[in-house]
Amino acid sequence: MRVLVVGGGGREHSIVWKLLQSKNVSKIFCAPGNGGISDLAECVPIEADDVFRIVEFSKKEKIDFVCIGPENPLANGIVDELSKNGILAFGPSEKAAKIETSKVFAKKIMTKYKIRTAQYEVFENFEEALNYVNGKEPPFVIKADGLCGGKGSYVIRKREDAYSVLEDLFVKKVHGKAGERVIIEEYLHGQEVSYLVFSDGKSILPLITSQDHKTLFENDTGPNTGGMGAYAPVPFVSDEMEGLVKESIMSRAIEALRKEGVEYRGILYGGIILVGGLPYVLEFNARFGDPETQAILVQMDSDLLPIMVSCAEGNIKGVTPIQWKKGFAVCVVIASRGYPERPEKGKLIEGLENLKDESDIVVFHAGTKKVDGKYYTAGGRVLNVVARGEDINEAIEKAYSAIEMIRFEGMHFRRDIGRKAQMAKM
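The present account deals with the structure reproduced in this document. The model shown is predicted, which means the values in this text are computed figures rather than measured ones.

What follows is about the overall build of the protein. A tally of helices and strands in the protein yields 13 helices and 23 strands. In terms of overall size, the protein behaves like a compact globule, its C-alpha atoms giving a radius of gyration of 21 Å where 426 residues would be expected to give roughly 22 Å. Viewed in the frame of its principal axes, the protein has a C-alpha envelope of about 60 × 45 × 45 Å. A burial count over the protein gives 55% of its 426 residues as buried. Within the protein, counting contacts between residues at least 6 apart in sequence, those at least 24 apart form 70% of the total. When the accessible surface of the protein is summed, it comes to about 18100 Å², and 46% of that surface belongs to carbon and sulfur atoms. Of note, the protein has its 56 positive side-chain charges centred 2 Å away from the centre of its 60 negative side-chain charges.

So, on to the packing of helix 7 (residues 126–134) against helix 8 (residues 159–171). Helix packing geometry: the angle between the two helix axes and the distance between the axes. At a closest axis distance of 10 Å, the pairing of helix 7 and helix 8 adopts a crossing angle of 170 degrees. When the axis of helix 7 is compared with that of helix 8, the two are roughly antiparallel. Between helix 7 and helix 8 lies a crossing whose hand is right-handed. Between helix 7 and helix 8, the contacting residues are F126, A129, L130, V133 and N134 on the first element and R159, A162, Y163, L166, E167, F170 and V171 on the second.

A few words on the side chain of R381. Within the fold, R381 resides in strand 23 (residues 381–389). At a separation of 3.0 Å, a polar atom in the side chain of R381 contacts the main-chain carbonyl oxygen of G227. A distance of 3.3 Å separates a polar side-chain atom of R381 from the backbone oxygen of D290. Dropping the residues within four chain positions of it, R381 is found in contact with G226, G227, D290, P291, V333, I334, A335, Y339, A366 and G367.

This part is about helix 9 (residues 239–259). Here helix 9 spans 28 Å end to end across 21 residues, near enough to the 30 Å set by a 1.5 Å rise per residue. Along helix 9, the sharpest change in direction is near 35 degrees and occurs at R252. Within the span of helix 9, buried status applies to M241, V245, S248, I249, M250, A253, I254, A256 and L257. In the core, the buried residues of helix 9 are packed alongside helix 5 (98–101), helix 6 (103–112), strand 10 (191–200), strand 11 (204–206), strand 16 (265–275) and strand 17 (278–285). At the C-terminal side of helix 9, G261 shows a positive phi close to 85 degrees.

A few words now on the packing of aromatic side chains. Scanning the model with the defined rule gives seven aromatic pairs in all. Taken together, a centroid distance of 5.4 Å and an interplanar angle of 75 degrees make the contact between W17 and F364 edge-to-face. Within this pair, whereas W17 is found in helix 1 (residues 10–19), its partner F364 is found in strand 20 (residues 361–365), the two being separated by 347 residues in sequence. In this structure W17 comes out as partly exposed when scored by relative accessible area, which is 23%. Ring plane angle 45 degrees and centroid distance 4.9 Å describe the contact between F123 and Y132, whose orientation is recorded as tilted. The class of F123 is buried, set by a relative accessible area of 8%. When its relative accessible area of 27% is taken as the criterion, Y132 is described as partly exposed. Each member of the aromatic cluster is reached from another via a ring pair, and the members are F90, F198 and F288. Stacked on the ring of F29, the Lys or Arg K27 has its end atom at 5.1 Å from the ring centre.

To continue, consider unusual backbone geometry. Cis rather than trans, the peptide bond between A31 and P32 has omega equal to 0 degrees. With respect to the helices, strands and loops of the structure, P32 is situated in strand 2 (residues 27–32). Along the chain, Y339 connects to P340 via a cis peptide bond; the corresponding omega equals 10 degrees. Relative to the helices and strands, P340 resides in the loop between strand 18 (328–335) and strand 19 (348–349). Phi at N219 is positive, roughly 60 degrees, even though this residue is not glycine. Along the polypeptide, N219 turns up in the loop between strand 13 (215–217) and strand 14 (221–224).

Below, the discussion takes up the state of the cysteines. Going through the model one piece at a time under the given rule, you end up with zero disulfides. Counting only cysteine sulfurs, C43 is the nearest neighbor of C30, a cysteine outside any disulfide, at a range of 5.5 Å. Accessibility expressed as a relative area gives 0% for C30, which makes it buried. Here C311 stays unpaired: no disulfide links it, and the sulfur of C67, its closest cysteine neighbor, is 11 Å away.

A few words on the pairing of strand 17. Across seven bridges, the pairing between strand 16 and strand 17 is antiparallel. Paired with G271 across the strands is E283, a residue of strand 17.

Conventions adopted
- Residues numbered from 1 in each chain as written.
- Predicted model: local features only at pLDDT ≥ 70, side-chain atom pairs only at ≥ 80, totals over all residues.
- Heavy atoms only, no water.
- Helix = DSSP H or I, 4+ residues; strand = E, 2+ residues; numbered from the N terminus.
- Rg over C-alpha atoms; globule rule 2.2 N^0.38 Å.
- Buried < 20%, exposed > 50% of the residue type's maximum accessible area, 1.4 Å probe, protein only.
- Contact = heavy atoms within 4.5 Å.
- Areas by Shrake-Rupley, 256 points an atom, 1.4 Å probe, with all protein chains shown as cover.
- Lys, Arg positive; Asp, Glu negative; His and termini not counted.
- Charge placed at Lys NZ, Arg CZ, Asp CG, Glu CD.
- Axes fitted to C-alpha atoms, helices over the stretch in contact; angles between N-to-C directions.
- Parallel < 35°, antiparallel > 145°, perpendicular 65-115°, else oblique.
- Left-handed = near helix turned anticlockwise from the far one by under 90°.
- Polar contact = N/O pair within 3.5 Å; in protein donor to acceptor, adjacent residues only side chain to side chain.
- Expected span 1.5 Å × (residues − 1).
- Bend = angle between axes of the 7 residues up to and from the residue.
- Phe/Tyr/Trp six-rings, centres within 6.5 Å; stacked < 30°, edge-to-face > 60°.
- Lys NZ or Arg CZ within 6 Å of the ring centre and 35° of its normal.
- Disulfide = S-S within 2.5 Å.
- Pairing = 2+ DSSP bridges.

Right under this line is the structure:
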């Protein structure tokens, strides 16, 4: 098959890397790709959210299958447009993607179909929201309704911070239309887990559990980011708990959407928090997580392509159960100085050649470009160093040892990725 992967981050690099292992892939394109992806696939200078040009390119190049990585093209209806042109695509329709693109829509679905989530209120103007927080004791959470690149959720621990956040959203419009409606919800305290499933609109096929690290600094401090690291699987999620997440949240969400007239095909990502022995939904995403996918796919033994094709065609019943490698994978994100607000760019990346022959290390590129055979930084999150180990300690040690081989000016990374898994095993 001739395959096009849409996107240009670490997630897309890991998808390209995994798809290349399929005997059924004859050629892979990536739009727009990055420096590392260009070593594996033909990168096409089309932005991920340029739906028209992606459809036209797919027709011209006789693409058999398209995998969409980021959320913005899904929000813009890329799957609908590809389908109209007879091109098979992996990802939910624009209507189905509302489970991520509108937190208000997702909350209403969860409330109606009794899927556990934090109690919440919705506000559409500054004054009403302000009056509400004046009578609410912190901590609580303020969320922008729409897509904000992982940066639209704010944990409020002091009331004056709520005033500032609401002003940013409603008055300064720092997230544009995405912040025209906000949710204010109760703060749930517990361990967060990412749980992803394939769906054909009727059935689900789970992936292994993973845990993301969203904030910039160690011990979950600093501003939210797109994700600073992840590991898989999560040792403190029991089989019983996983079964509860699968049945009471993920399967129920797919069925709920079906009852609302929406057939959800693609990856459904549940951002789960475990509270008092029960799973609650923090959010749903309509695509592979980033950086969770990098850790998950390194652990996957099965061929990814037939699973995605079966989802897109609406029938995963006949798919062979996914086979997983033993042990753990840890992904550490290396970011540029200034990320997430004003990341520096154009810095020479050195040392990657030292890791090429390491069997248990894979480096997935995110914000990079390749010029005259050399790699340079070109974004906030630059590299994803993924290491495998027989246990979580070995995987962590290998990941950080690998990072010591890499250099670029201003590189920044968290030094505690996987620590929660270590603590859980003590």
